[in-house]
Protein chains: 6
Amino acid sequence: MADHIPLQDFCVADVAVLVNGLSCKDSKTVQANDFFFSGLHLPGNTSNPVGSRVTPVTVTQLPGLNTLGISMARIDYTPWGINPPHTHPRASEILTVLEGTLEVGFITSNPDNRLITKVLSKGDVFVFPVGLVHFQRNVGKVNAVAIAALSSQNPGVITIANAVFGSKPAVSADILAKAFQVDSGVINKLQSKF
Amino acid sequence: MADHIPLQDFCVADVAVLVNGLSCKDSKTVQANDFFFSGLHLPGNTSNPVGSRVTPVTVTQLPGLNTLGISMARIDYTPWGINPPHTHPRASEILTVLEGTLEVGFITSNPDNRLITKVLSKGDVFVFPVGLVHFQRNVGKVNAVAIAALSSQNPGVITIANAVFGSKPAVSADILAKAFQVDSGVINKLQSKF
Amino acid sequence: MADHIPLQDFCVADVAVLVNGLSCKDSKTVQANDFFFSGLHLPGNTSNPVGSRVTPVTVTQLPGLNTLGISMARIDYTPWGINPPHTHPRASEILTVLEGTLEVGFITSNPDNRLITKVLSKGDVFVFPVGLVHFQRNVGKVNAVAIAALSSQNPGVITIANAVFGSKPAVSADILAKAFQVDSGVINKLQSKF
Amino acid sequence: MADHIPLQDFCVADVAVLVNGLSCKDSKTVQANDFFFSGLHLPGNTSNPVGSRVTPVTVTQLPGLNTLGISMARIDYTPWGINPPHTHPRASEILTVLEGTLEVGFITSNPDNRLITKVLSKGDVFVFPVGLVHFQRNVGKVNAVAIAALSSQNPGVITIANAVFGSKPAVSADILAKAFQVDSGVINKLQSKF
Amino acid sequence: MADHIPLQDFCVADVAVLVNGLSCKDSKTVQANDFFFSGLHLPGNTSNPVGSRVTPVTVTQLPGLNTLGISMARIDYTPWGINPPHTHPRASEILTVLEGTLEVGFITSNPDNRLITKVLSKGDVFVFPVGLVHFQRNVGKVNAVAIAALSSQNPGVITIANAVFGSKPAVSADILAKAFQVDSGVINKLQSKF
Amino acid sequence: MADHIPLQDFCVADVAVLVNGLSCKDSKTVQANDFFFSGLHLPGNTSNPVGSRVTPVTVTQLPGLNTLGISMARIDYTPWGINPPHTHPRASEILTVLEGTLEVGFITSNPDNRLITKVLSKGDVFVFPVGLVHFQRNVGKVNAVAIAALSSQNPGVITIANAVFGSKPAVSADILAKAFQVDSGVINKLQSKF
């Protein structure tokens, strides 16, 4: 579930050629800044409907991550803000709470669809296995902050609500009506939000 | 995204010990039946709300698949039946239509959430990349049948509607209300279906 | 034994640069047809000495398979036609019989060289582990058809007879005479066929 | 450079059988606490000669990490404390500074042995490629704290000074004298410290 | 094409449980002899029809190789002795000539089946890609010796002639007659040799 | 811990584009010499402070090794010459003694830092697990020669003394003084040697 195994000390991302992952800068021209990113101490803007913000540090932001199979993110939550149910198609995630109190959970695959959930305080750590639907919610009265790490340079995110009800173009309403076992009116309402 | 690389000719699944994947039968006791499964010509029972049925042939049904990184499935669809939006957390899927006409699609990850869709006739082949939300719908007037293969001995299935609205225990309605941007009444309705 | 782990949602094959596997099209220009192939319902032409035909759907025919670790094939057999002993250097294979009756088998590696064999009817499924010599024969009175899936985007095929007796240039006859423990006359005869 | 690819949703570590990695608990008995660790908000005890302390969260501390290819650690540093030159034989590392100012660096492999170094402030992120010698030093006047994530469930640590001069039993002094091009007296002095 | 990625410093093979590869000895009981094999300086017995002998050092002979993805072999050849056409289903091979002169070759997969061949003298090195049919022949007047290394702890060997004409039970003569395009009499003759 | 899994028969290294590993020559232009290297029978020049010389055969010297996950080396030692403590960040190593007597050893990771050591005679074989510090010393009265194979096309070498005390630019003396628990004078002496 991890990325390429490196075939040299590092392969700082370049963009001249599109390959699986990214091509490499000439190692002679590599500099310390290629392995560097700044700003993860800054709160993200949570003024949005879900009340949370993910600040990612993947190979897009930090080219030295290319081929190394790891990335990081900061997540900010307003009180009762959520990081809505989503999956990472290419990574497991480990998360620690820096500030606040988070309810976290993941759901196992079919047929059990078991919810495994826990309330986390400052300093607690939790792991979300690759590809499973998971979420966090700030259940405290103040802002919460978490640092997460993911086992891919480019883990991908699929926010369930946005992907299913907000794809471009839209999935046919009657497919979704049958999948969610509601009438088209409910689906249209859901699709109008995204 | 594939399974173990085999470290011997084969490692027919045994169940005495729980390891990543499954442990192996003694190769001296292995028989042809360990590599065999029958019944994929039989239509699955599609008398259910979504009008489709998946008949899987994974390492659970065919122990010789252990460590080999592949599995297969038959999918039956009534007219207008759907294989509802789902992901495979551990496999890509290639599908060919044996009978009928299928509308198929997958949705790319954030931020684009682009729907890539196509209508398939008999003999057409389509691929769904690992971890992405995808679906099929029978858009013909007769039953449809497809054969799919997946790049894992145990690809896993996460049916989005069932996992999100039918987990055991349930995800808090207000998390889902915020994620799907509807009121709790709609969420309660959705949860009552699964 | 599988291919690259994807480092993005997909990496539709391009041909501008030669890398391990293939480079990627710009994802913005990707279209549904990149994930599509048609024609697997059409019988292959079996008018040849072995009485079988493989119609492959690998990354060569379906560029969207790039990095995804899977491919498919249709195999047609006349009565008593064979898919002669061969190996896939980079994939395991799972096969299901759509029509007819097939005798299938694979041979384990040294020192046992055990033949594991089975007669398959419609709907039966069998798996051939990576790299092992295997074959199929139509033992019914009518044409047979199978669908196979392989755990690589480019599994490769080495037909034993063709590779050993028909390489270009030819392997020295005395090497083959010693390997097969027959005189050069027999080898020359075998080499003249390929 | 990453760990096993999971072959099921998760494989919570058990200790009954020794395999590559660890065997799995029965998934029916898995609980939320298997994916949980607490205490990463607590400063480690830095009263030691190097003035730093690593608090690891690997599969040993958090059994749910088994097969998932990721782990985490907190590192505390007194002013001028160092995390001495070391390697992780099985992981790359990404690190962010929570408090204080760190000088960090890694050294490329032969023949260049180039030092790539940077001073990091709060919120800065840096990556250390797998297997390369690296270190951190608190160059501020107050305690510093970092969170690191590593691309293995069990990255391993080889502190250079301890491994080379403090192995049990000791490496022959004349081997080290020749390697470090100093006389045995210097080596004996170094060995006496570990 | 390589083996497991190690999840600890080493995993010396044990035989109590059958897993993909082998389970591990308790690391506390590991000794230097677990990483050791002796006798590779001794000529193998080449008194056999092909005039060569492979002395393997795989995980079977050297348990410390478990999970490490490498093994070694010595090959002895009488004048005009051959290491007959064979494949390794799970490894590439690099070979160097210690004594004598070897003609070596490998054959690419279908459809080209190109023979890539070279005469090697003492100190020459050649590589055989994973899964491809390859061979060596002593074309000098004295015994030849080579050291080979393979990219798996258990590469497997499939000697083509033995597997195809000497499997137990035998492959039906008419399958082989059609595959090799000769009459059953020739096949019976070939099968009688193995 | 191994390299790419090949996605075609071979991918002979080209240098037009920088990717993880190397890009491939057009397979039509590939020749036997691309898989060939000569000169491993020639003693390396051991007139240097450590009294040893490694002659590597990696993808740099033998382009056909690209993607195949293996390489080779010859090591020469004068009497009492050493191959100083070093790691390979991307490979395990298997070594056999062609001539002479070698003391070999590797050191396990923290916290044990156990030295596992053995004296090897002609024909003995030993394995060094990936990423661990290891060394060899000629403890005989005559020159010694070994052949080693490594589980990567580009294993990398980090000679501990050179990397730690000879990096360019130098690591701050006070970091090393604290790491090795000696005063700066000793560190300056050590740094002046590299």
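Residues numbered from 1 in each chain as written. Chains lettered and ligands numbered in written order. Predicted model: local features only at pLDDT ≥ 70, side-chain atom pairs only at ≥ 80, totals over all residues. Heavy atoms only, no water.

**Student:** So what about the sheet that holds strand S9 (residues 133-138) of chain F? Which residues, and what values?
**Tutor:** Taken in spatial order, the five strands of this open sheet run S7-S6-S9-S4-S11 (chain F), and their pairing is antiparallel. Edge positions in the open sheet fall to strand S7 (115-120) and strand S11 (158-159) of chain F, since each of these has one partner strand only. The sheet contact formed by strand S6 (residues 102-107) of chain F and S9(F) spans six bridges and is antiparallel. Within S9(F), the residue paired with F:Leu102 across the bridge is F:Asn138. In the packing of helix H2 (residues 173-180) of chain D onto the sheet, contacts are made with strand S4 (82-87), S6 and S9 of chain F, and the angle to S4(F) comes to roughly 80°. (Pairing = 2+ DSSP bridges. Helix = DSSP H or I, 4+ residues; strand = E, 2+ residues; numbered from the N terminus. Contact = heavy atoms within 4.5 Å. Axes fitted to C-alpha atoms, helices over the stretch in contact; angles between N-to-C directions.)

**Student:** I'd like a description of the pattern of salt bridges, backed by residues and values.
**Tutor:** Residue and element names in this part refer to chain F. Under the definition given, this model contains 30 salt bridges over all chains. Note that Glu103 and Arg137 form a salt bridge whose closest N and O atoms lie 2.6 Å from each other. Remark: Arg137 occurs in strand S9 and Glu103 occurs in strand S6; sequence separation between them is 34 residues. Using a relative accessible area of 13% as the deciding quantity, one classes Glu103 as buried. (Salt bridge = Lys/Arg side-chain N within 4 Å of Asp/Glu carboxyl O. Buried < 20%, exposed > 50% of the residue type's maximum accessible area, 1.4 Å probe, protein only.)

**Student:** Before we move on, can you summarise the relation of the copies chain B and chain C with the specific residues and values?
**Tutor:** With an RMSD of 0.0 Å, chain B superimposes on chain C once it is rotated by 180° and translated 0.0 Å along the axis. Both copies of the chain, as the preceding transformation shows, are related through a two-fold rotation axis. Taken together, the interface assignments show that 100% of the residues at the interface of chain B recur at the interface of chain C, consistent with an identical surface on both copies. (Least-squares fit on C-alpha atoms with pLDDT ≥ 70 in both.)

**Student:** Outline the UniProt feature "binding site: oxalate" (unreviewed entry) in chain A, supporting the account with residue identities and numerical values.
**Tutor:** Residues and elements named next belong to chain A. When the UniProt feature table is mapped onto this chain, "binding site: oxalate" (unreviewed entry) is found at Asn83, His88 and Glu93. Position of Asn83 among the secondary structure elements: in strand S4 (residues 82-87). Here Asn83 falls in the buried class, since its relative accessible area comes to 9%. Beyond its immediate stretch of four places on either side in the chain, Asn83 contacts Ser52, Val54, Ile75, Tyr77, Phe135 and Gln136. Counting through the fold element by element, Glu93 comes out in strand S5 (residues 93-99). Residue Glu93 is classed as buried on the basis of its relative accessible area of 2%. What Glu93 contacts, discounting residues up to four positions off in sequence, is Ile75, His86, His88, Phe126, Val127, Phe128, His134, Gln136, Ala148, Ala149 and Leu150. (UniProt positions renumbered as here; feature names shortened; annotations may be inferred.)

**Student:** So what about the interface of chain B and chain C? Which residues, and what values?
**Tutor:** Each side of the interface is counted separately: chain B has 53 residues, and chain C has 53 residues. Roughly 4100 Å² is buried in total at the junction of chain B and chain C, and carbon and sulfur atoms are behind 71% of that figure. The tally of links from chain B across to chain C stands at zero salt bridges. The element contributing the most residues to the side of chain B that touches chain C is strand S7 (residues 115-120) of chain B, with four residues. Here the residues of the side of chain B that touches chain C sort into 31 nonpolar, 16 polar and six charged. (Buried area = accessible area lost by both parts, 1.4 Å probe. Nonpolar A, V, L, I, M, F, W, Y, C, P; charged D, E, K, R; others polar.)

**Student:** How would you explain the environment of E:Glu103 if you had to name every residue and give the values?
**Tutor:** For the pair formed by E:Glu103 and E:Ala32, sequence separation is 71 residues and the distance between their alpha carbons is 38 Å. The residues touching E:Glu103, leaving out its near neighbours within four places in the chain, are C:Ser172, C:Ile175, E:Thr117, E:Lys118, E:Val119, E:Phe135, E:Gln136, E:Arg137 and E:Val139. Within polar-contact distance, the side chain of E:Glu103 engages the side chain of E:Arg137 at 2.6 Å. (Polar contact = N/O pair within 3.5 Å; in protein donor to acceptor, adjacent residues only side chain to side chain.)

**Student:** Describe in detail the domain arrangement of chain A, supporting the description with residues and values.
**Tutor:** One can read the domain layout of chain A as domain 1 (1-156) and domain 2 (158-194). Using only C-alpha atoms to locate each centre, domain 1 of chain A and domain 2 of chain A end up separated by 26 Å. (Domains from an automatic or database assignment.)

**Student:** An account of the UniProt feature "binding site: Mn(2+)" (unreviewed entry) in chain A is requested, with residue identities and associated values reported.
**Tutor:** Residues and elements named next belong to chain A. Within this numbering scheme, the UniProt entry marks His86, His88, Glu93 and His134 as carrying the feature "binding site: Mn(2+)" (unreviewed entry). Sequence-wise these annotated residues cover 49 residues; spatially they are packed, their C-alpha atoms never more than 11.9 Å apart. Inspection of the secondary structure puts His86 in strand S4. Owing to a relative accessible area of 3%, His86 belongs among the buried residues under this scheme. In this structure, His86 is in contact with Glu93, Leu132, Val133, His134, Gln136, Val157, Ile158, Thr159 and Ile160, ignoring residues within four places of it in sequence. A distance of 3.4 Å separates a polar atom in the side chain of His86 from a polar atom in the side chain of His88. As for its position among the elements, His88 is in the loop between S4 and S5.

**Student:** Explain the packing of aromatic side chains to me, and be specific about the residues and the numbers.
**Tutor:** Under the counting rule described, the total for this entry stands at 36 aromatic pairs over all chains. Centroid distance B:Phe126 to C:Phe35: 6.3 Å. Interplanar angle 50°. Geometry classified as tilted. Of this pair, B:Phe126 sits in strand S8 (residues 125-128) while C:Phe35 is found in the segment before strand S1 (36-37), placing the two residues in two different chains. For the pair shown, B:Phe126 and C:Phe35 are each scored as buried. Put simply, the rings of A:Phe35, D:Phe106, D:Phe126 and D:Phe128 pair up and form one aromatic cluster. Positioned above the aromatic ring of B:Phe36 is the side chain of C:Lys118, whose terminal nitrogen or guanidinium carbon lies 4.4 Å from the ring centre. (Phe/Tyr/Trp six-rings, centres within 6.5 Å; stacked < 30°, edge-to-face > 60°. Lys NZ or Arg CZ within 6 Å of the ring centre and 35° of its normal.)

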